[in-house]
Protein chains: 4
Amino acid sequence: MLGLKVNQRVAGARAKPASVPARARKPCVSVRAAAVNKVVLAYSGGLDTSIILKWLQDTYGCEVVTFTADLGQGEELEPARAKAEKMGVKQIFIDDLREEFVRDYVFPMFRANALYEGTYLLGTSIARPLIAKRQIEIAKEVGADAVSHGATGKGNDQVRFEVGYYSLKPDIKVIAPWREWDLLSRTKLIEYAEKNGIPVPSSKRGEPPFSMDANLLHISYEGNALEDPWATPDESMFTRSVSPEKAPDQPTEIELAFEKGNPVAIDGVPMSPATLLTKLNQLGGANGIGRVDLVESRFVGMKSRGVYETPGGTILQVAHRAMESITLDREELHMKDDVMPRYAELVYNGFWFSPEREALQALVDKTQEYCTGVVKVKLYKGNVTVCGRKSPFSLYDKVIASFEDDKGLYNQADAGGFIKLQALRLRTLGVNRYKML
Amino acid sequence: MLGLKVNQRVAGARAKPASVPARARKPCVSVRAAAVNKVVLAYSGGLDTSIILKWLQDTYGCEVVTFTADLGQGEELEPARAKAEKMGVKQIFIDDLREEFVRDYVFPMFRANALYEGTYLLGTSIARPLIAKRQIEIAKEVGADAVSHGATGKGNDQVRFEVGYYSLKPDIKVIAPWREWDLLSRTKLIEYAEKNGIPVPSSKRGEPPFSMDANLLHISYEGNALEDPWATPDESMFTRSVSPEKAPDQPTEIELAFEKGNPVAIDGVPMSPATLLTKLNQLGGANGIGRVDLVESRFVGMKSRGVYETPGGTILQVAHRAMESITLDREELHMKDDVMPRYAELVYNGFWFSPEREALQALVDKTQEYCTGVVKVKLYKGNVTVCGRKSPFSLYDKVIASFEDDKGLYNQADAGGFIKLQALRLRTLGVNRYKML
Amino acid sequence: MLGLKVNQRVAGARAKPASVPARARKPCVSVRAAAVNKVVLAYSGGLDTSIILKWLQDTYGCEVVTFTADLGQGEELEPARAKAEKMGVKQIFIDDLREEFVRDYVFPMFRANALYEGTYLLGTSIARPLIAKRQIEIAKEVGADAVSHGATGKGNDQVRFEVGYYSLKPDIKVIAPWREWDLLSRTKLIEYAEKNGIPVPSSKRGEPPFSMDANLLHISYEGNALEDPWATPDESMFTRSVSPEKAPDQPTEIELAFEKGNPVAIDGVPMSPATLLTKLNQLGGANGIGRVDLVESRFVGMKSRGVYETPGGTILQVAHRAMESITLDREELHMKDDVMPRYAELVYNGFWFSPEREALQALVDKTQEYCTGVVKVKLYKGNVTVCGRKSPFSLYDKVIASFEDDKGLYNQADAGGFIKLQALRLRTLGVNRYKML
Amino acid sequence: MLGLKVNQRVAGARAKPASVPARARKPCVSVRAAAVNKVVLAYSGGLDTSIILKWLQDTYGCEVVTFTADLGQGEELEPARAKAEKMGVKQIFIDDLREEFVRDYVFPMFRANALYEGTYLLGTSIARPLIAKRQIEIAKEVGADAVSHGATGKGNDQVRFEVGYYSLKPDIKVIAPWREWDLLSRTKLIEYAEKNGIPVPSSKRGEPPFSMDANLLHISYEGNALEDPWATPDESMFTRSVSPEKAPDQPTEIELAFEKGNPVAIDGVPMSPATLLTKLNQLGGANGIGRVDLVESRFVGMKSRGVYETPGGTILQVAHRAMESITLDREELHMKDDVMPRYAELVYNGFWFSPEREALQALVDKTQEYCTGVVKVKLYKGNVTVCGRKSPFSLYDKVIASFEDDKGLYNQADAGGFIKLQALRLRTLGVNRYKML
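Please read these numbers as outputs of a predicted model, since none were measured by experiment.

Rules and cut-offs
- Residues numbered from 1 in each chain as written.
- Chains lettered and ligands numbered in written order.
- Predicted model: local features only at pLDDT ≥ 70, side-chain atom pairs only at ≥ 80, totals over all residues.
- Heavy atoms only, no water.
- pLDDT = per-residue confidence, 0-100.
- Contact = heavy atoms within 4.5 Å.
- Helix = DSSP H or I, 4+ residues; strand = E, 2+ residues; numbered from the N terminus.
- Buried < 20%, exposed > 50% of the residue type's maximum accessible area, 1.4 Å probe, protein only.
- Least-squares fit on C-alpha atoms with pLDDT ≥ 70 in both.
- Expected span 1.5 Å × (residues − 1).
- Bend = angle between axes of the 7 residues up to and from the residue.
- Pairing = 2+ DSSP bridges.
- Axes fitted to C-alpha atoms, helices over the stretch in contact; angles between N-to-C directions.
- UniProt positions renumbered as here; feature names shortened; annotations may be inferred.
- Buried area = accessible area lost by both parts, 1.4 Å probe.
- Salt bridge = Lys/Arg side-chain N within 4 Å of Asp/Glu carboxyl O.
- Disulfide = S-S within 2.5 Å.

**Examining the confidence of the model for chain A**
Residues and elements named next belong to chain A. Residue-level pLDDT values for chain A average 90, and 91% of them are 70 or greater. Every residue in residues 1-34 scores below 50 in pLDDT, and together they form 75 contacts with partners more than four places removed in sequence or on other chains. The ipTM for the predicted assembly is 0.91, set against a pTM of 0.93.

If you want it as structure tokens, here you go:
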């Protein structure tokens, strides 16, 4: 047996707390308390994860370490510190991960042109592995034996978090409160919060119209009012973009420079990854770009309706494809296209830290070595229109392409032989099969 | 030897006319004249194919049968008859193929969501096989032993035509004048026309700014002024759509009904395939929808810049994907996405009449049996936005999807086991490979 | 909500019996008894499923219907009837499914050349869906609300059975005793059997050296003595084939005829599917053919070592590929090869009744329409050697293939143009990228 | 226009000599003579390439440089030098490329488990790119502007050579005598040889029974007597292996050690790549291993029958798969299997030096980082049987895999949740689609 350690066996054991059904939980609390010493919680500072924080302390009787990441979600993080301190947390981690997020997660994924089910730019999916990784790093640093998150038992995020945890630390214990506790309605949650002195913002008292997740790449809306896939979402919901109708009547044109498949400058100004994506978000949002409304197939087996705003990412994908169109050879481009849906599926399903995603990334990155140059796009009321592309490694050759004199670079007679041999197998076949004639 | 007949051997023979280089052609004319008795020419009635008509008569000394198809290109076809008659053509075929085109070529391709290199809806590619098929049918009907077309030796269309010919009639002789003659500049062409009494419209005397190809699905622009991929095309070029800037300030909302993956009605009004696509073109064109500007990789090996207008097709693909999003199971959807680039490549390269395209079509069509329902889209200044989708076979289940009470249809605890087994292989792996911890 | 019915909700409910952990079971028995009225058990008549039969009666207090299938496993089935009767079973189904098994499951899979991880012919995997289907048919016939099987919680078979059940009857209740009970060692099982008057054969008293599964396609060996992947299995284990060493010194040559991808005759004698496979098993087994020893990746996440004997299937796959080699066009053949691993994975994982398997089958079957002819193979001491293949639809053309005079069917000069255009993109690329020169 | 140089235009020009048909050649000789200054010929020393050598000197009036490679074909190379000298060649290159061949071409391909059309180990295909590369290196070294080879116009080798040339040196001129000259029968060739004082071995005077190609990986037989795919080849043809019937009655067992996917030692003795493959060839050949008889689909469009002996390669592929079975994760293994047919197709078609092969290689090589360990195989009368496999990075875990007590590493209850969520989409679907119940 190669290496899964003793405490992992506890985590995977038949009697492990996580799989005890609701009604049998009471008597197990002491078992749990014994089983976990210290847990690192992915803590946003909001109501739900504050309740989880308290619930972990109570249920497992263990020390909770909080970890709050700045992934560009656009919220103040210091209040999270204050809340955690108030709940007695001694080790509080608040990290600005924006540059790492964009450089090591968003950009590699955009090099692959990843698009889930033809429409979704994977804005939530791509953030989870980084949070998981950082939680595991912290767990090691502080000697924690468990991690916990606030994702529910119906969504994809629980898978993305936990697959990340297990990949990076096979013997980690995972606590998923939403799958364990009985606080399964908003009323019960609020009761629990009030009983435990957790402040409940008035906005959280009623049923929220939808749930949101945000980071530097996108914001998502799901649930409640959106659960009818025939109903159009209300305009007031959107936060990152104006509607195309409200966008300026004048188009904005920008030049986006790429190096090895990554965007590096806007209009000639070099920028760090996070700075560049922030700028693209501003440009896209101002021009009504990047909204999608879709029904997606979740990894856990159900269909789900989501609405997303990905202003900068939408510009980036269009421009990146245009950059590839003149710098990638036909066959490497087609090979990338062939494997793209699978790459997107892997990211969506939570298999970022997996050998299959890494093998695909190796393929993708090999194709990006010369994906360098500049793309000109026009932004106008929801449209991203490619207007020009150029590259020192361009494979577009005006002389060969021309229908006029090509100076002998292309011999039209070659096409006759080319077609003849392409068709040879079909001629042989046609004799047998095509009955038409 | 199974079946390739004697006259095919002539076509494929080492000494066949088509491969004789330009300067050696003179002495072969008599050979040619002997080799072809009757040729069916794909004849548009325009200057180039009129020159070809004459050139075929002169060079091969054979009877020429003309075939002119109405594929919705938006031109009068009767002038083609008059011209052909004037040049002594006795058998003239003018066919309205619009319904067949949309029903048997465009719709099957849209069931596959075909998109070449992530951007091109294959508007020209999909028309060629039908023209080829009809030419072969006519060849049989009139007892012709050869076919001819006006595609040049640098483009994809020659392949699409000729692969189609050979698949459907392996022993057909193919004459591709652009690869044979020496009329390789516009000046020479016009000289030839004038010498032979073929009228030359004044618009054709100068260098045209670009070449075009049109049918009910799209119009394409290529060449000359467009040959610099950094230069933005002039607004005056476009003919099928207003620019987003000039489109109405009020959005248009439509409901598109599907049956088994094919659109069948707009706003509740059932329409034939060609009628429906015509209507979608009007709606899309009026709202600035369906323009793309791209650099594509041709099958003959070069990169080429094209600009396309596909107003109706653009709406159709967006709506079809939305229809699939609630009626196709996740895995059949993903399987379709996985093979789509290959399907698109086959259509682009001209392999419509091939067993591999037919095998893929069988896969695609199998998935469309329940792709039935209605999609609501908003058209606004270049944007096609999905606003709603519904189906009697919808796989979206509001109760299961809800984060609220799901009446026991989904047991969140199941997710724990699901994740554990998904992660098991990665935990085993992590012990060896992920060195981080 | 489209259609999942009330009793399904019970099955999927948070409190459903099946997921109650071992130590909490006692108090639930009455709940269970209430929850299931009648269960159809896949019953082999062996010790394990006899214990399950009794356990179901005791634990769920419900009526048990037994179903025993003849899939060619080579055992008498009437003893199963006697045993079931003795345990008070009133409805006993014993069906000979051999022809259906081979015709509708084995042959479609062999049309796809399915091979899991390059080595496994899927002998066990392909039998499970048929058993599941027949159980569900019986459940409907007898008005049962549940089904049960004897597969353990670690293997693939539980998934294959249950995915089949759920696909065909979404509201069925599933009882998987091995995941529920606490009879987790052989000692406990035998105690339970003895306490309940179930006869225990002396061979079952000690630890068996391995577990087996058999049907007309193969027999498998797993577990215990085989759990060391470095250890060679003992010759005495094998039951369906002699070793190559013990096989005859004289080869046997046979001719296998195919129609549309299915074998239909041996040496000119037409046979039904099951008869033909039985005959191939005899021929293969006598000549030491069809043993493999492998480590496979289970769907539930672990690696497992298995040894298989598939004598007839091994001959069949070799011969089918040879039949395809002259009757399938290159590109349809390659497309089949491209999707084959995924097809095999679907069968292995238990997704026979899934839209994705059916879509792939549509693709595969489309390619088999002309896969008709005869293949000659030599069987000798473990080897299956193709010696000849012929077909009325052969695409092999001796005249074209010949390096000698081909009567003009192939113009060698065409190859020059073919290569030039194949290379054009690489020449363009080479200027930028291949730094060698 | 990026970089294709002036002399390349000559090569590609409409009037280029290579495409002039046979009967028009005479007057062009002077043009040719002017067009080529120095040509590097892939020269075996045999009759055909000796004739080519002379023909190049005569027809092009240019200097010929010969290049003879030792790729393990098993022939003396010094006679080639003597012959070349006798024909006035001044620059003669004879290189031992065996180690480079195995290390940089054969082994990378075996890391991918490449198998064309399920049967062919690509022994000829993989040698051509290396020859092409070395020819281009020499062309640069000696200042040659052209290269030439002895492959015919019907086969795949012409493509493999020439695509290699063009990739590595886009402006190289290529002379393919078999597509240009009129020496199209054996009689004419021998006449030409005799007229020019080239010695003709008596064995070459009659029609040879088949053509052969050999290197360290394999030997191939094609043509003539083999052209009837129903006829069994004569035993006397084989040169690298005894027949299974004649192989020893005692099996041979060997242990093959791998590092990162490459074989590095036999029975504990480390060996260089070429030494190891040589040894495997001896072992395989002595035990009747590695013969295949197949009909393959050539890239140029026809079916062709070939018989191959690949004794060492056959052992290597079986053992490599076994090594992967315990060291590669399921999903990386399956991803490799998914792309393998395409990799094999690329090698077969001659696209070794292409960005798509290199991208796939990057994927493959990423998966081989831990493919290290030892495989035990038994060789016996044509069979290669895996008997054991072990690795310091083994993912096989006996404790988890065991049906007995697994110390809590695997919780069988997890499987219930796993299956439930795997089936959820199918249950939803079943309500609509599976009509059975």
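**Describing the side chain of A:Ser325**
Tracing the sequence through the fold places A:Ser325 in helix H11 (residues 311-327). Given a relative accessible area of 8%, A:Ser325 falls into the buried group. When neighbours within four sequence positions are excluded, A:Ser325 is seen to be in contact with A:Arg389, B:Val295 and B:Lys303.

**Describing the relation of the copies chain A and chain B**
When chain A is fitted to chain B, the best match, at an RMSD of 0.0 Å, comes from turning it 180 degrees and sliding it 0.0 Å along the axis. Expressed as an axis order, the relation between the two copies is that of a two-fold axis. Both copies present the same face, since 99% of the interface residues in chain A are matched by interface residues at the equivalent positions in chain B.

**A short note on helix H15 (residues 412-432) of chain C**
For H15(C), with 21 residues, the first-to-last C-alpha span of 31 Å sits near the 30 Å given by 1.5 Å per residue. Roughly 40 degrees is the biggest bend found in H15(C), and it falls at C:Leu424.

**Examining the sheet that holds strand S6 (residues 211-214) of chain C**
Note: strands within a sheet are paired through backbone hydrogen bonds, in either parallel or antiparallel orientation. Residue and element names in this part refer to chain C. Judged by pairing direction, the sheet is antiparallel, and its four strands sit side by side in the order S6-S7-S12-S11 without closing on themselves. Each of the sheet's edge strands pairs with one partner strand only, and the pair in question is S6 and strand S11 (291-297). Sheet twist, expressed as the mean angle between neighbouring strand axes with direction ignored, is 25 degrees.

**Quick word on the sheet that holds strand S1 (residues 38-42) of chain A**
Residue and element names in this part refer to chain A. Read from one edge to the other, the open sheet built from five strands follows the order S3-S2-S1-S4-S5, with strand pairing classed as parallel. Either end of the sheet is taken by a strand with one partner, and the two such strands are strand S3 (92-96) and strand S5 (173-175). For this sheet, the mean angle separating the axes of adjacent strands, direction not counted, is 25 degrees. Bridge count between strand S2 (residues 63-70) and S3: five bridges; the pairing is parallel. Directly across from Thr66, in S3, lies its bridge partner Ile92. Sitting on the sheet, helix H4 (residues 78-86) is in contact with S2 and S3, with an inclination near 170 degrees to S3.

**Quick look at the UniProt feature "domain: Arginosuccinate synthase-like N-terminal" (unreviewed entry) in chain A**
Look at the UniProt record and you will see "domain: Arginosuccinate synthase-like N-terminal" (unreviewed entry) annotated at residues 38-199 of chain A. The span residues 38-199 of chain A shows a helical share of 48% and a strand share of 15%, and its end C-alpha atoms are spaced 25 Å apart.

**Details of the interface of chain A and chain B**
Note: interface size is frequently given as the accessible area lost on complex formation between the parts. Counting residues at the interface gives 117 residues for chain A and 117 residues for chain B. Buried area between chain A and chain B, summed over both chains or domains, comes out near 10700 Å², and the portion from carbon and sulfur atoms is 58%. In this assembly, chain A and chain B are joined by six salt bridges. B:Arg425 is paired through a salt bridge with A:Glu356; the nearest N and O atoms lie 2.6 Å apart. With 14 residues, helix H15 (residues 412-432) of chain A is the single largest residue contributor to the side of chain A that touches chain B.

**Comments concerning the state of the cysteines**
Residue and element names in this part refer to chain B. Counting across every chain of the model gives zero disulfides over all chains. Looking at Cys371, it has no disulfide partner, and the nearest cysteine sulfur is the one in Cys387, 18 Å off. By relative accessible area, Cys371 is classed as buried at 0%.

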